[in-house]
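# Structural features, examined
Here are the chains, one letter per residue:
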Amino acid sequence: MKLVKFLFLGIGVVFCLNLVLLSLSFHTNPTSLPRVNYFIAANYFNSEESLLYSLPQIEKLINYLYHDDNVFVSFFENGSQDTTKQLLADFQNRLRVPNSIVTCNLNATNNWGKDSILKETIAKKITIKNSAYRYRKMAQLRNIALEPLFTHKFKNQAPVKVVFLNDIFFKAEEILSLINTKNGDYDMVCPLDYFYLFYDVLATRDIEGYWFSGYYPYTRHKESQEALRKEEPFQVYSCWNGVAVMDAKPFTDHGVRFRGRNYQSTCECTQSECLLIAKDFREVGFSKIYINPSVKVSYEWKYYKLHNTPILSQLVNWWQSNWFELERGRNQKGVGCSMPPYWEPESPSYYMNSTCSVPFNEKFPLRPWSSEDCDREQNYEVRAFERIKEVCDLY
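The structure contained in this document is the topic of the report that follows. (Residues numbered from 1 in each chain as written. Predicted model: local features only at pLDDT ≥ 70, side-chain atom pairs only at ≥ 80, totals over all residues. Heavy atoms only, no water.)

Along the protein chain, the regular secondary structure elements total 14 helices and nine strands. Summarising the internal contacts of the protein chain: among those between residues at least 6 apart in sequence, 78% fall at separations of at least 24. (Helix = DSSP H or I, 4+ residues; strand = E, 2+ residues; numbered from the N terminus. Contact = heavy atoms within 4.5 Å.)

The structure is reproduced here in structure tokens:
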């Protein structure tokens, strides 16, 4: 009996300690935020589970940020089969800030697949590389959500920050902390995002251009590891991680848009639109890109709670750190042109200098990528954007 009482007492102490630690972790005072305009954007598809939690948090975030009509909300939903459309409609009815919330019916979205748009049978080697087309379609869906940024006029002349959300679990206070990273002195900042492991390895590269591992401490870069352990921001080459807060100037002043890979004398490696946006930010002089590891988001509630409960998170980090070291003995097969383990460098030319000559595919690793293939893929991106706007009545 005494043992049971002791166990319950211990559980109670741990629970109270976690509450204290959680309360201390959200230290951003909304009044301390710089006076800027906020463009909050998102894409949603079958996002019912996360929206039930996140929409009230978005409303709370807007209340924190709102000052003199400085918030605009732009959401684009494409063909959900659950209650996502209704949740967004109800949310829009509650909104008291300028907004554009567009939903598109399922029958319409069936008309923007590559076969439908290109009106031809795609060669087998192109069909195999579906990721190249998927990234292009995702880029255009994001660009649809971004469009009101170029037409909406904020009342004041303050700078604009774009807060671009995925369908994640988060608290409003966490996004406030993300926005206030380094007192706003950044061009792009991201949190860490999770399932059980760190999730967004496809879009994240450390400051030296190395891939992240899914296992804690994620990066081989020693200074970044030290900042991570202290939960202090550290600079990276690229990130997205469920939500990115970005300076709007690359979009509004320099013509940057989400995109698939480009082609010059050879084709750029197949990469996520969320990595390429960081590359393009850098090319127009916006290179202050950070991860703020004190902010942790997730695509599932259970993993959100796991990584935001301090004691549990510390146990997970300790356990994963063992796998981080053991991972060196594994052979990892790639995606895109190359996906080396985190401790081996990926040639920066794969995503910095447009010199990937062939697509990676373990069945056909040496198959050349012809100029005809490249033209077809680029044509799809342009026509996909037009088709999406047409079938969703956005013209």
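Our next topic: the pattern of salt bridges. Counting across every chain of the model gives 13 salt bridges. Note that K155 and D69 form a salt bridge whose closest N and O atoms lie 2.6 Å from each other. Remark: D69 occurs in the loop between helix 2 (48-65) and strand 2 (71-78) and K155 occurs in the loop between helix 7 (130-146) and strand 4 (160-165); sequence separation between them is 86 residues. Judged by its relative accessible area of 61%, K155 falls in the exposed class. A salt bridge links E273 to R142; its shortest N-O distance comes to 3.0 Å. (Salt bridge = Lys/Arg side-chain N within 4 Å of Asp/Glu carboxyl O. Buried < 20%, exposed > 50% of the residue type's maximum accessible area, 1.4 Å probe, protein only.)

The strand order across the open sheet built from nine strands is 3-2-1-4-8-5-9-7-6, with neighbouring strands paired in mixed fashion. Pairing within the sheet leaves two strands with one partner each, and these edge strands are strand 3 (99-104) and strand 6 (205-206). Alignment of strand 5 (residues 188-194) against strand 9 (residues 289-298), held across six bridges, turns out to be parallel. Across the sheet, residue Y194 finds its bridge partner in strand 9, namely S298. Most of the contacts of helix 2 go to strand 1 (residues 37-44), to which it runs at about 170°, and overall it touches strand 1, strand 2 and strand 4. Lying over the sheet, helix 3 (residues 84-94) contacts strand 1, strand 2 and strand 3, oriented at roughly 160° with respect to strand 3. (Pairing = 2+ DSSP bridges. Axes fitted to C-alpha atoms, helices over the stretch in contact; angles between N-to-C directions.)

Here the residue pair Y216 and P217 is connected by a cis peptide bond, since its omega of 5° sits within 30 degrees of zero. With respect to the helices and strands, the residue P217 is situated in the loop between strand 6 and helix 9 (222-229). Backbone geometry places N46, a non-glycine residue, at a positive phi of 50°. By the secondary structure assignment, N46 is in the loop between strand 1 and helix 2. At Y218, a position not held by glycine, the phi torsion is positive, near 70°. Relative to the helices and strands, Y218 is located in the loop between strand 6 and helix 9. The exposure class assigned to Y218 is buried, which follows from its relative accessible area of 1%.

Moving on to a nonpolar patch on the surface. On the surface, W318, W319 and W323 cluster together into a nonpolar patch covering about 370 Å² of accessible area. If you trace the backbone, W319 turns up in helix 13 (residues 310-326). (Patch = residues over 30% accessible without salt bridge, like charges linked within 9 Å, V, L, I, M, F, W, Y side chains within 5 Å. Areas by Shrake-Rupley, 256 points an atom, 1.4 Å probe, with all protein chains shown as cover.)

Below, the discussion takes up the side chain of N37. Inspection of the secondary structure puts N37 in strand 1. Polar side-chain contacts of N37 include one of 2.9 Å to the side chain of N156. For N37, the side chain forms a polar contact with the main-chain oxygen of A158, separated by 3.2 Å. Apart from residues no more than four positions distant in its own chain, N37 is found in contact with N70, F154, N156, A158, P159, V160 and K161. (Polar contact = N/O pair within 3.5 Å; in protein donor to acceptor, adjacent residues only side chain to side chain.)

What follows is about the environment of R383. Structurally, the position occupied by R383 is in helix 14 (residues 371-391). Expressed as a C-alpha distance, the spacing of R383 and Q140, which sit 243 residues apart in the sequence, is 9.9 Å.

With their axes 8 Å apart at the nearest point, helix 2 and helix 8 (residues 172-179) run at an angle of 45° to one another. Taken together, helix 2 and helix 8 sit at an angle that is classed as oblique. Crossing handedness for the pair helix 2 and helix 8: right-handed. Note on element contacts: helix 8 touches helix 2 through A172, E173, I175, L176 and I179, opposite Q57, K60, L61, Y64 and L65. Its residues assigned to classes, the contact of helix 2 with helix 8 shows seven nonpolar, one polar and two charged. (Parallel < 35°, antiparallel > 145°, perpendicular 65-115°, else oblique. Left-handed = near helix turned anticlockwise from the far one by under 90°. Nonpolar A, V, L, I, M, F, W, Y, C, P; charged D, E, K, R; others polar.)

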